[in-house]
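Coordinates in review
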Amino acid sequence: MIARIWSGESPLWLLLLPLSWLYGLVSGVIRLSYRLGIKKAWRAPVPVAVVGNLTAGGNGKTPVAIWLVEQLQQHGIKAGVVSRGYGGKAAHYPLLLTTDITTDEAGDEPVLIYQRTGVPVAVSPNRSDAVQALLAAHDLQIIITDDGLQHYRLARDVEIVVIDGVRRFGNGWWLPAGPMRERASRLKSVDAVIVNGGVPRAGEIPMQLRPGMAVNLKTGEKRSVSLLTDVVAMAGIGHPPRFFATLESCGVQPVKTVALGDHQALSAADVRALATHKQTLVMTEKDAVKCRAFAEENWWYLPVDAVFDDEQAPRLIQKLVSLAQR
């Protein structure tokens, strides 16, 4: 229902317009207060690059953040990552991730980034606190923030917006009548616009999410996902249909698909109830970090990587490298 409202297919969005006007007014006042200096943003002693979006729901921010970190590592740059830690509830903040920190404490995306890249990661509702904790513990040259475009309390040197190239901005209205956190005109002030799938427009950097080999949660074995049979597909991400479409593009026709809420907590009993021992449960990497502790032998995840074939992408990396080396 929400998808139909936000796309404009359902006229119910008209009933929500007064709330959207209020949302737009409040968010606009907050941003203006920082632009005018009424509220003061904290500036880190190292460059900060924000990877965010204008809409609610998953657009591919985390794969882009991972790609940025990996590219910076290849250039010898020491990067750290901060996140709000949605879905997690720590006993204290800021929280520096270690191998012992769980998704219940830090949220799924920070744990995924930490496990995938190995770089220092910190989470806190106040991202400036997370940045300070990272810099106190590590010698870093640049900070990448996973989400946080609207977190104006933290000053930033580079703003990168990720757009779902298929859904784009729906009906274009603020929450809750539409999917927008900020209006599309905000793109005029950012440094780069990355479009995940679909057809990019002038000036946008095209990106695709390319699946890798399926990985067994229990054993670590890697196998082509097309070789898995009797598949039950599970996705607890911002836009589950994207994951199901990825499986189909790999030649997998799931016998059942299960769409879960983004950042939804997962228990062993709940996940085990999704597939029989004769079936193969395939999930996203984001789900896998929450399930690894109680995984069964027939559970697999499919990692995806952000892939860029456009000359604008290397220029973006070089900009970040230059900032980090200054």
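Rules used in this analysis
Note on numbering: residues in each chain are counted from 1, in written sequence order. pLDDT decides what is reported in this predicted model: residues at 70 or higher carry local features, side-chain atom pairs at 80 or more are listed and counted, and totals for whole chains, interfaces and linings draw on all residues regardless. With hydrogens and water set aside, each side-chain value is computed from the structure's full complement of heavy atoms. To qualify as a nonpolar core, a set must consist of buried Ala, Val, Leu, Ile, Met, Phe, Trp, Tyr and Cys residues joined through side-chain atoms within 4.5 Å. Here's how the labels work: a residue is buried when its accessible area is under 20% of the maximum for its type, exposed when over 50%, partly exposed in between, all with a 1.4 Å probe on protein chains only. In what follows, residue pairs with any heavy atoms lying within 4.5 Å of each other are defined as contacts. The numbering of helices and of strands both runs from the N terminus, where a helix is a DSSP run of H or I of at least 4 residues and a strand a run of E of at least 2. Any two strands with at least two DSSP-identified bridges between them are counted as paired. Looking down the strands as they point away from you, a crossover is right-handed if its path from the first strand over the helix to the second goes clockwise. Here a polar contact means two N or O atoms within 3.5 Å. Within protein one must be a hydrogen donor candidate and the other an acceptor candidate, and residues neighboring in sequence count only if both atoms are side-chain atoms. Salt bridges are identified by distance alone: a Lys or Arg side-chain nitrogen within 4 Å of an Asp or Glu carboxyl oxygen.

This brings us to the nonpolar core. Within the largest apolar cluster, 43 residues are counted, with the highest numbers of intra-cluster contacts made by Leu68, Leu72, Ile144, Ile194, Met207 and Phe308. When neighbours within four sequence positions are excluded, isoleucine 144 is seen to be in contact with Ala49, Val51, Ala65, Leu68, Val69, Leu72, Gly80, Val81 and Val82. One finds Val50, Leu154, Ile163 and Leu187 within the second-largest nonpolar core, a separate group that totals 22 residues.

Within strand S13 (residues 280-284), five of the five residues are buried, leaving the element largely enclosed by the surrounding structure. Examined bridge by bridge, S13 and strand S14 (residues 299-302) share four bridges and lie parallel to one another. Across the sheet, threonine 284 pairs through a bridge with leucine 302, a residue of S14. Chirality of the crossover, the property in question, places the unit of S13, helix H9 (residues 285-291) and S14 among those that are right-handed.

On to the environment of aspartate 310, then. Within the element layout of this structure, aspartate 310 appears in the loop between strand S15 (304-307) and helix H10 (312-325). Along the primary structure aspartate 310 and threonine 117 are separated by 193 residues, whereas in three dimensions their C-alpha atoms are 23 Å apart. A distance of 2.8 Å separates a polar side-chain atom of aspartate 310 from the backbone nitrogen of glutamine 312.

Attention shifts here to the side chain of glutamine 279. Relative to the assigned elements, glutamine 279 resides in the loop between helix H8 (268-272) and S13. Residue glutamine 279 is classed as buried on the basis of its relative accessible area, which comes to 18%. At a separation of 3.0 Å, a polar atom in the side chain of glutamine 279 contacts the main-chain amide nitrogen of threonine 276. Apart from the residues lying within four places of it in its own chain, the contact partners of glutamine 279 are Asp230, Val232, Val255, Leu274 and Asn298.

Tracing the chain through its elements places glutamate 204 in the loop between strand S7 (192-196) and strand S8 (205-211). A distance of 2.8 Å separates polar atoms of two side chains, one belonging to glutamate 204 and the other to arginine 168. Only 2.7 Å separates the side chain of glutamate 204 from the backbone nitrogen of arginine 201, close enough to count as a polar contact. Excluding residues within four positions of it along the chain, glutamate 204 makes contact with Ile163, Arg168, Val193, Val195 and Gln312.

With that settled, the discussion passes to the pattern of salt bridges. Scanning the model with the defined rule gives 20 salt bridges in all. For arginine 223, the salt bridge identified is with glutamate 221, shortest N-O distance 2.8 Å. Given the relative accessible area of 35%, glutamate 221 is considered partly exposed. Close ionic contact of aspartate 262 with lysine 286 constitutes a salt bridge, the shortest N to O distance being 2.5 Å. Taken as a pair, aspartate 262 in the loop between strand S12 (256-259) and H8 and lysine 286 in helix H9 lie far apart in primary sequence, 24 residues in all. According to the relative accessible area criterion, lysine 286 is buried, its value standing at 9%. One salt-bridge network, held together by shared partners, links Arg156, Glu159, Glu182 and Arg186.

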